[in-house]
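Remarks on the overall topology
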Amino acid sequence: MTEEHLLGDLALTAPEQRLVDAFRRGVQVDLREGDAAKDDPRRGKEWGPRRTVRAEVIERLVLGTGVAPEAGRVPALRLRGARITGRLDLAHGTIGCPVWLEDCSFAEPVVCDRADVRHLSLAGSRLPALRADYLRSATDLDLTRITARELRLYGAEVNGNLELDEARLVNVGGCALYGTHLKVNGSLHANGASIEGEARRYGAAVQDSVLMIGTWLLNPGGTALAAGRMSVGGSLYMRRGDHGGPVRRAFVADGKIRLDGVTKIGRA
């Protein structure tokens with residue numbers, strides 16, 4: 001580590017200093033190399049120091065460290081293609097700036113329990129788990145194309161859309177998606193997603209539509225989707241993708257689908 005810059009008492013590496021400078025201006029730091037194979041987050045362990053950022057640096061920026069924005073700019077954390085080491089723990093925090101951590105590889109779970117966020121995107125990232133029980137998001141929560149073992153959103157509230165298109169959740173024999181009492185004040189999109197293990201949305205409320213077009217729900221011998229007492233304001237789609245649309249595969253459910261007590265949200 002080169003001790004050239006400090007964030008409080010924390011010495012920063014070159015990519016971390018780039019992130020701090022970009023945060024002040026609200027612009028993106030893209031650490032990808034431009035090679036699709038090398039940039040695949042599944043190969044994140046191979047990414048060296050030039051693509052590594054510690055979770056602690058991100059925490060200090062988004063939770064407030066006195067890092068002032070440049071005049072006339074709005075601070076935002078925009079990081080793409082990084083290997084993030086250590087546990088990113090934003091639990092109980094208030095994150096007033098938008099956060100994009102896209103196409104990243106996380107060494108440890110991301111923890112956002114009871115956090116208040118303005119905007120959070122982990123699109124395209126690979127992580128062991130996202131634990132976000134009772135999360136409050138002021139806008140969309142973008143988890144498009146994520147790969148994880150477990151996604152926990154118990155009692156979370158998303159004031160926008162919950163984006164899970166093409167996500168891959170794999171927790172064979174366990175619960176891969178835990179969304180009991182989840183509240184989405186927009187639509188829930190899970191088109192082309194693959195969920196291996198139980199998807200649990202018991203008592204969830206979605207103000208608009210639930211779209212599971214070309215989704216695979218795989219929990220052989222068990223419950224693939226438990227959505228009893230879920231309420232939906234718009235339509236509930238579980239079907240094959242249209243040939244003219246972006247998702248072109250069949251809807252598959254290997255396991256029980258439980259929709260007992262699903263209701264339509266009344267509209268004024």
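Above this text you will find the structure in question.
As a starting point, this report considers the structure included with it. (Residues numbered from 1 in each chain as written. Predicted model: local features only at pLDDT ≥ 70, side-chain atom pairs only at ≥ 80, totals over all residues. Heavy atoms only, no water.)

1. Topic: the overall build of the chain
On a plain count of helices and strands, the chain comes out with 2 helices and 31 strands. Relative to the globule expectation of 18 Å for 268 residues, the C-alpha radius of gyration of the chain, 19 Å, shows essentially globular dimensions. Here the C-alpha coordinates of the chain stretch approximately 60 × 45 × 35 Å along the principal axes. Counting the 268 residues in the chain, one finds 51% classified as buried. (Helix = DSSP H or I, 4+ residues; strand = E, 2+ residues; numbered from the N terminus. Rg over C-alpha atoms; globule rule 2.2 N^0.38 Å. Buried < 20%, exposed > 50% of the residue type's maximum accessible area, 1.4 Å probe, protein only.)

2. Thoughts on the packing of aromatic side chains
Scanning all chains against the criterion turns up 2 aromatic pairs. Consider the rings of Tyr-134 and Tyr-154, whose centres lie 5.5 Å apart with planes at 70°: the pair is edge-to-face. Taken as a pair, Tyr-134 in the loop between strand S14 (129-131) and strand S15 (136-137) and Tyr-154 in the loop between strand S18 (150-152) and strand S19 (157-158) lie far apart in primary sequence, 20 residues in all. Tyr-134 sits in the partly exposed class, given a relative accessible area of 30%. Look at Tyr-154 and you get partly exposed, because its relative accessible area is 24%. Taking the centre distance of 5.9 Å and the plane angle of 25° together, the rings of Tyr-154 and Tyr-178 count as stacked. Taken together, the residues span a long stretch of sequence, with Tyr-154 in the loop between S18 and S19 and Tyr-178 in strand S21 (residues 168-178) at a distance of 24 residues. What links up through ring pairs into an aromatic cluster is the set Tyr-134, Tyr-154 and Tyr-178. One residue, Arg-51, lies across the ring of Trp-47, its end atom 3.8 Å from the ring centre. (Phe/Tyr/Trp six-rings, centres within 6.5 Å; stacked < 30°, edge-to-face > 60°. Lys NZ or Arg CZ within 6 Å of the ring centre and 35° of its normal.)

3. So, the pairing of strand S24 (residues 194-200)
Regular strands place their side chains on alternate faces of the sheet. S24 sits mainly inside the fold: 6 of its 7 residues count as buried. The pairing of S21 with S24 spans 6 bridges and is classified as parallel. The residue of S24 that forms the bridge with Leu-177 is Ala-199. Examined bridge by bridge, S24 and strand S27 (residues 216-226) share 5 bridges and lie parallel to one another. If you follow Arg-200 over to S27, its bridge partner there is Ala-226. (Pairing = 2+ DSSP bridges.)

4. Overview of the sheet that holds strand S22 (residues 183-184)
Reading across the sheet, the 8 strands line up as S8-S12-S15-S19-S22-S25-S28-S31 and stay open at both edges, with parallel pairing between neighbours. In the strand order of this sheet, the two ends are held by strand S8 (94-95) and strand S31 (263-264), each with one partner. When S19 meets S22, the two strands line up parallel, connected through 2 bridges. By the bridge assignment for S22, Glu-157 is matched with Lys-183.

5. A word on unusual backbone geometry
A positive phi angle, near 60°, is found at Tyr-134, a position not held by glycine. The phi angle at His-181 is positive, at roughly 60°, despite the residue not being glycine. By secondary structure assignment, the location of His-181 is in the loop between S21 and S22. Residue classification places His-181 among the partly exposed positions, given a relative accessible area of 42%.

6. Some remarks on the layout of surface pockets
By volume, the largest pocket amounts to about 240 Å³. Ser-105, Phe-106, Arg-126, Leu-127 and Pro-128 are, among the 14 residues lining the largest pocket, the residues nearest its centre. Of the residues in the lining of the largest pocket, the class split is 6 nonpolar, 3 polar and 5 charged. (1 Å grid on protein atoms, 1.4 Å probe; cavity = no way out; pocket = protein on both sides within 12 Å on 5 of 7 lines; lining within 4 Å. Points joined across faces, edges and corners; volume = space filled by probe spheres on them. Nonpolar A, V, L, I, M, F, W, Y, C, P; charged D, E, K, R; others polar.)

7. Concerning the nonpolar core
If you look at the biggest cluster of nonpolar residues, it comprises 69 residues, and the most contacted ones within it are Ile-58, Leu-77, Leu-79 and Leu-101. Once residues within four sequence positions are removed from consideration, Leu-79 is found in contact with Leu-19, Val-29, Leu-31, Val-53, Ile-58, Ile-84, Trp-100, Leu-101, Glu-102 and Cys-104. (Core = buried A, V, L, I, M, F, W, Y, C linked by side-chain atoms within 4.5 Å. Contact = heavy atoms within 4.5 Å.)

8. Digging into the side chain of Asp-133
Among the structural elements, Asp-133 can be located in the loop between S14 and S15. Engagement of the side chain of Asp-133 in a polar contact is seen with the side chain of Arg-152, the distance being 3.0 Å. Reaching out from Asp-133, the side chain makes a polar contact with the backbone nitrogen of Tyr-154 at a distance of 3.0 Å. Once residues within four sequence positions are removed from consideration, Asp-133 is found in contact with Cys-112, Asp-113, Arg-114, Arg-152, Leu-153 and Tyr-154. (Polar contact = N/O pair within 3.5 Å; in protein donor to acceptor, adjacent residues only side chain to side chain.)

Read these as spatial facts, not as claims about activity.
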